[in-house]
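The chain contents come next:
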Amino acid sequence: MPRPKQSTVRVQRDKYTPKGGTTTERWRVFVHYRSPAGDLTRKSFLAPKGASKAKAEALGRQRLAELQVADGATIDDAVRLARRLREDAGEPPTQPATLPTTKTTPTVAVFSERYMVDFCKANRQAHATLARKRAAFNLHINPVIGGVPVGRVTGEHVQKVKARLADYAPRSVNTILGVLRAMLRVAEEWNVIAKAPKVRMVKVHEDEPDWFEPDEYQALCQAAAAIDLRTLAVVLLGGDAGLRRGEMLALKWADVDLRHNRVVVRASRSRKGEKPPKNGKTRSVPMTDNLRLTLQALRAEPEHHAVYVLWTKLRRSYPKGKRPLQPGLPAEGTLRNWLLKATDRADITPKCVHALRHTFCSDLGDHGVEAATIKVLAGHSDLRMTNRYVHVRASAPAEGIRALKRAPIFEPSSTNRARTPDPSPVYQ
């Protein structure tokens with residue numbers, strides 16, 4: 001049978017034998033959907049027992065409308081398609097059209113592709129964000145509720161996704177649930193569903209802050225200086241200027257203004273190339289004396305890169321077709337390895353490169369800098385994010401208690417015995 005050049009619905013009598021039953025004749029419906037791109041989708045199913053030929057054709061038209069809506073068409077397009085099919089079948093034009101209901105909304109797996117392309121990519125989300133969301137759909141969400149229509153997703157389906165993630169860390173679970181919640185809200189915004197169901201996150205216990213105490217940071221700077229100037233530059237760019245890892249990789253000598261003693265953050269670099277900073281705004285950060293002297297010495301080295309501040313002498317062998325975007329420049333893991341060597345030399349607990357940025361914000365807050373100023377220097381878009389970066393030193397609680405300066409209650413004693421309060425006349 002030749003393939004149809006357009007969408008069609010066809011029915012024919014078919015013999016059906018249920019398990020352990022008798023053979024009966026029922027209507028089998030064949031649905032051929034031709035997308036605007038020319039792709040053909042073929043579906044077939046048996047009409048309910050006792051259904052007439054007209055009922056079977058109506059079910060076929062409804063299924064065809066579901067396929068068209070799932071492919072991104074509007075309900076009006078589906079209605080026009082159903083009307084054309086009725087006219088081709090010779091049915092009266094006054095017969096009401098079969099509209100897709102909530103049961104015919106696209107499934108989670110189908111709509112997730114629309115969400116990734118028409119929303120995430122269209123809004124130019126970061127490559128790492130796109131990879132994280134696609135992994136959440138392919139590995140965790142679609143295997144559980146991918147076949148459920150978006151309009152019928154309830155809190156029970158969300159709980160099934162949670163049950164699949166029972167062995168994951170709470171933060172990882174919330175990250176995956178956040179992807180599902182964002183997709184459902186977009187479906188509500190696009191009028192695909194009436195209202196997005198509520199997605200409840202799991203409780204996350206606060207961990208120890210990942211930052212360097214003042215004495216640890218001092219030891220880290222001394223250890224980095226003993227290794228080389230590049231390692232010291234990484235530590236100071238994060239701890240004295242608050243640059244993110246991608247901003248360190250994208251920092252150029254043209255952005256280091258030694259005359260006005262400042263570093264201008266204009267871009268961030270990742271595996272996919274350069275882009276604007278995280279909040280999309282260029283910021284200027286004044287340099288400390290240590291950072292300025294380090295960059296001056298690094299600039300004077302004969303083997304420095306002509307454009308970028310940080311470079312690497314390591315020469316790797318890459319597979320065929322896997323050349324780096326900028327040969328000679330360090331990758332994201334290279335900065336982590338440099339910092340790891342410095343922490344090992346300083347004999348302190350290893351931390352990630354982003355911990356330097358937390359150290360920068362915490363030291364500013366410890367010296368009484370206002371939160372609004374820290375927000376500008378760190379390049380945050382919200383003060384709530386700044387508050388998450390400002391941590392309290394381990395010795396701060398004890399110093400705060402000593403600052404109370406309460407009047408003494410016990411008299412000093414010349415012996416080693418415990419001081420005793422003066423007897424009150426009330427109890428004599």
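Refer to the preceding data block for the structure.
Residues numbered from 1 in each chain as written. Predicted model: local features only at pLDDT ≥ 70, side-chain atom pairs only at ≥ 80, totals over all residues. Heavy atoms only, no water.

A word on the overall build of the protein chain
Then comes step 1: Helix and strand content of the protein chain: 15 helices and 8 strands.
Then comes step 2: Expressed as a percentage of the 428 residues in the protein chain, the buried residues total 37%.
Then comes step 3: Sequence separation of at least 24 residues holds for 57% of the intrachain contacts in the protein chain that already meet a minimum separation of 6. (Helix = DSSP H or I, 4+ residues; strand = E, 2+ residues; numbered from the N terminus. Buried < 20%, exposed > 50% of the residue type's maximum accessible area, 1.4 Å probe, protein only. Contact = heavy atoms within 4.5 Å.)

Notes on the sheet that holds strand β1 (residues 8–16)
Then comes step 1: Pairing within the open sheet is antiparallel, and its 3 strands lie in the order β1-β2-β3. Across the chains shown, the open sheet's two edge strands, defined by having one partner strand only, are β1 and β3 (40–46). Sheet twist, expressed as the average angle between the axes of neighbouring strands with direction ignored, equals 20°.
Then comes step 2: Strand direction decides the pairing type here: strand β2 (residues 24–34) and β3, joined by 7 bridges, are antiparallel. Residue V29 lies in a different strand from β3, and its bridge partner there is F45. (Pairing = 2+ DSSP bridges. Axes fitted to C-alpha atoms, helices over the stretch in contact; angles between N-to-C directions.)

Examining helix α12 (residues 354–366)
Then comes step 1: A rise of 1.5 Å per residue sets the reference length of α12, with its 13 residues, at 18 Å; its end C-alpha atoms lie 19 Å apart and thus fit the reference within 8%.
Then comes step 2: Counting buried positions over the 13 residues of α12 gives 10, a clear majority of the element.
Then comes step 3: Structurally, α12 contributes buried residues whose contacts are with α7 (214–227), α8 (229–239), β8 (283–286), α11 (332–346), α13 (371–378) and α14 (383–389).
Then comes step 4: Downstream of α12 by one or two residues, G368 has phi in the positive range, about 80°. (Expected span 1.5 Å × (residues − 1).)

A short note on the sheet that holds β8
Then comes step 1: Here 3 strands make up an open sheet; going across it, the order is β4-β5-β8 and the pairing antiparallel. Of all the strands in the sheet, the pair left with one neighbour each is β4 (256–257) and β8.

Comments concerning the packing of aromatic side chains
Then comes step 1: Taken as a whole and assessed by the stated rule, the structure comprises 4 aromatic pairs.
Then comes step 2: Aromatic rings pair up to connect F111, Y115, F119, F137 and W190 into one cluster.
Then comes step 3: When the ring centre of F30 is taken as reference, the NZ or CZ atom of R10 above it lies at 4.4 Å.
Then comes step 4: Its end group placed over the ring of Y308, R269 keeps NZ or CZ at 5.6 Å from the ring centre. (Phe/Tyr/Trp six-rings, centres within 6.5 Å; stacked < 30°, edge-to-face > 60°. Lys NZ or Arg CZ within 6 Å of the ring centre and 35° of its normal.)

Side note on the nonpolar core
Then comes step 1: The biggest cluster of nonpolar side chains holds 38 residues, and the ones touching the most others in it are L220, V235, M248, L291, L295, V309 and L335.
Then comes step 2: Elements with a minimum of two residues in this core: α7, α8, α9 (245–250), β5 (262–265), α10 (289–300), α11 and α12.
Then comes step 3: Looking at which element gives the most residues to this core, the answer is α8, with 6 residues.
Then comes step 4: Excluding residues that lie within four positions of it along the chain, M248 makes contacts with V234, L237, G238, L243, L310, L335 and V353. (Core = buried A, V, L, I, M, F, W, Y, C linked by side-chain atoms within 4.5 Å.)

Here we look at the pattern of salt bridges
Then comes step 1: All told, the structure shown has 11 salt bridges when counted by the stated rule.
Then comes step 2: Between R230 and D228 there is a salt bridge, and its shortest N-O distance comes to 3.3 Å.
Then comes step 3: Taken together, the shared-partner salt bridges connect R244, E247 and R283 into one network. (Salt bridge = Lys/Arg side-chain N within 4 Å of Asp/Glu carboxyl O.)

Notes on the environment of I227
Then comes step 1: Along the polypeptide, I227 turns up in helix α7.
Then comes step 2: Residue class for I227 comes out partly exposed when judged on its relative accessible area of 32%.
Then comes step 3: Residues I227 and A342, spaced 115 residues apart in sequence, show a C-alpha to C-alpha distance of 7.4 Å.
Then comes step 4: Every residue in contact with I227, bar those within four places of it in the chain, is listed here: K341, A342 and R345.

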